[in-house]
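Commentary on secondary and tertiary structure
Listed here are the chains, written in short residue letters.
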Amino acid sequence: MTIDNELIDNLLKDYKKPEDIIGENGLLKQLTKQLLERAMAAELTEHVGYEKHEAAGNKSGNSRNGKSAKTLKGSFGTMPIEVPRDRNGTFEPQIIEKHQTRFTGFDQNIISLYARGLSTREIQQHLEEIYHVEVSPALISSVTDEVIDEVKTWQNRQLDEVYPIMYLDAIQFKVRDGGHVRNKAIYLAIGVTVSGLKEVLGLWIAQTEGAKFWLQVVTELKNRGVTDIFIACVDGLKGFPEAIETVFPQTEVQLCIVHLVRHSLNFVGWKQRKEVARDLKAIYTSATEAEAEQRLAEFSLKWDAKFPPIAKSWRSNWARVIPFFAHPPEIRRVIYTTNAIESLNMSLRKVTKARGSFPNDEAVFKLLFLALRNIAKKWTMPVHDWKAALNRFAIVYENRLPVE
């Protein structure tokens, strides 16, 4: 639709400053109000079947019946409007629905702010400062609750049959439960698709992280369509690899190198952390398993006197570390440097840091789902060197890649 320039010139004839257009009582707000009210009047005319004051309405069985006041909230602030009524009470405007009190897009503003980690109070303050609109905590909760059905659909969606790489990890959050605030484990699964794109496969919650619950998670993944995982990257939780292998016996379980390094550095003071990290890097960047064992032996000789748990930890997990060395550089880079879970956890921590605890499990799911949806928008490109890795996967895992 084009608007005549003469009409625009007439509207702007008294324009002197920006507030005249976009201010609290500016032209845009007045035009919006009048257009909405005229549109509803046109809808009512269509509903009753005759124009206002037409004789045809005398015996039509329905007629206009005045107007009711309503206040809309939106990015323009608050806007009082008059909604026309009919005698029979059957008219329901389409442009502003019967019980609608917020303008189109206003709810999305609330959800967007919530997804970025703003607390209810911060959202209230933001909307009041920017739009001069007062909203209640109940309204914010009601708006954000609308995503719960979307969460359920997302959590039960069908998945790809094959994921060359899958990262499985848990992150702790404080959640109120039965009158007490408890640490609960949020389980995360990220798959790297055959196309090299990262995808969050699901969220699960439990009292603590445990291999038994991970068995339920991987079973659910299988029930949702996953038939094969080439490499599963996990932390050092006891029984975790066996839980995966129970459901996906062909899967190669690789202990996450980043988890192991971080665990090791927990024993080291700040002054020596850089040196220890450098010596650990010499282990996991070795060209072969034999070289890695030699580097571990050297590390042990150098550091066992000060930090005996480190080398011991690497040795006790060695069976789950060494698969890494059997792979060529193309696959190693994808397993290690594309540490999707670590990056994701940092992003989630950033979003949730303003909250000391969550009131219930549903509140955790709601915020994490919205945050994940925002994060996933950036995952538009395949992981680094994916083509080279995929060619290697085709050789190493012969006949297991799906035929396109």
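A brief look at the structure comes next. Everything numeric here is computed off the predicted structure, so don't read it as measured data.

Criteria and cut-off values
- Residues numbered from 1 in each chain as written.
- Predicted model: local features only at pLDDT ≥ 70, side-chain atom pairs only at ≥ 80, totals over all residues.
- Heavy atoms only, no water.
- Helix = DSSP H or I, 4+ residues; strand = E, 2+ residues; numbered from the N terminus.
- Polar contact = N/O pair within 3.5 Å; in protein donor to acceptor, adjacent residues only side chain to side chain.
- Phe/Tyr/Trp six-rings, centres within 6.5 Å; stacked < 30°, edge-to-face > 60°.
- Buried < 20%, exposed > 50% of the residue type's maximum accessible area, 1.4 Å probe, protein only.
- Lys NZ or Arg CZ within 6 Å of the ring centre and 35° of its normal.
- Salt bridge = Lys/Arg side-chain N within 4 Å of Asp/Glu carboxyl O.
- Contact = heavy atoms within 4.5 Å.
- Expected span 1.5 Å × (residues − 1).
- Core = buried A, V, L, I, M, F, W, Y, C linked by side-chain atoms within 4.5 Å.

Tracing the chain through its elements places Thr219 in helix H8 (residues 211–223). Expressed as a C-alpha distance, the spacing of Thr219 and Ser286, which sit 67 residues apart in the sequence, is 35 Å. In this structure the side chain of Thr219 is engaged in a polar contact, spanning 2.6 Å, whose partner is the backbone oxygen of Leu215.

It is worth spelling out the packing of aromatic side chains at this point. As enumerated under the stated definition, the model contains 13 aromatic pairs in all. Between Phe230 and Phe393, the ring centres sit 5.8 Å apart and the planes meet at 55°, which makes this aromatic pair tilted. Highlighted residues: Phe230 in strand S6 (residues 228–234) and Phe393 in helix H18 (residues 386–396), separated in sequence by 163 residues. Its relative accessible area of 0% is what places Phe230 among the buried residues. Between the aromatic rings of Trp386 and Phe393, the centroid separation amounts to 5.8 Å while the plane-to-plane angle is 50°, which identifies the pairing as tilted. Relative accessible area serves as the criterion here: at 4%, Trp386 is assigned to the buried category. According to the relative accessible area criterion, Phe393 is buried, its value standing at 0%. Here the aromatic cluster, defined as three or more aromatic residues joined through ring pairs, consists of Tyr187, Phe213, Trp214 and Phe240. One residue, Arg64, lies across the ring of Tyr50, its end atom 5.4 Å from the ring centre. In this arrangement the basic side chain of Arg349 is found over the ring face of Phe173, its NZ or CZ atom lying 5.0 Å from the centre.

Turning to the pattern of salt bridges, a few remarks are in order. Two side chains that carry opposite charge are able to pair once their charged atoms sit near each other. On inspection of all chains with the given rule, the structure shows 17 salt bridges. Residue Asp177 is joined to Lys184 by a salt bridge in which the shortest nitrogen-to-oxygen separation is 3.4 Å. What makes Asp177 partly exposed here is its relative accessible area of 23%. Arg295 is the partner of Glu298 in a salt bridge, and the nearest nitrogen-oxygen pair spans 3.3 Å. You can see Glu298 and its partner Arg295 sitting in helix H12 (residues 289–303), three residues apart, about one turn around the helix. Put simply, Asp177, Arg182, Lys184 and Asp361 are held in one network by salt bridges that share partners.

A word on the side chain of Asp228. Inspection of the secondary structure assignment puts Asp228 in strand S6. By relative accessible area, Asp228 is classed as buried at 7%. Filtering out sequence-adjacent residues up to four positions away, Asp228 remains in contact with Glu161, Val162, Tyr163, Phe248, Gln250 and Arg400.

Another point: helix H11 (residues 270–284). The terminal C-alpha atoms of H11 lie 22 Å apart, and with 15 residues this matches the ideal 21 Å at 1.5 Å per residue to within 8%. Within H11, the full set of buried residues consists of Val276, Asp279, Leu280, Ile283 and Tyr284. Contact partners of the buried residues in H11: helix H10 (257–265), H12, helix H13 (308–316), helix H14 (318–321) and helix H15 (329–336).

Position of Leu265 relative to the elements: it lies in helix H10. Each C-alpha atom of the pair Leu265 and Arg182 lies 27 Å from the other, and the pair is 83 residues apart in sequence. For Leu265, the residues in contact, after removing those within four places along its chain, are Arg273, Val276, Ala277 and Leu280.

Peptide bonds are trans in most cases, and residues, glycine excluded, mostly fall at negative phi. With a phi angle near 60°, Asp385 is a residue other than glycine that sits in the positive phi range. Counting through the fold element by element, Asp385 comes out in the loop between helix H17 (361–376) and H18.

It is worth spelling out the nonpolar core at this point. Among the nonpolar cores identified, the biggest contains 79 residues, and Val276, Leu280, Trp314, Leu344, Trp386 and Phe393 are the most heavily contacted of them. Sorting elements by how many residues they give to this core places H17 first, with ten residues. Filtering out sequence-adjacent residues up to four positions away, Trp386 remains in contact with Pro164, Ile165, Val192, Thr193, Val194, Ser195, Gly196, Val334 and Phe393.

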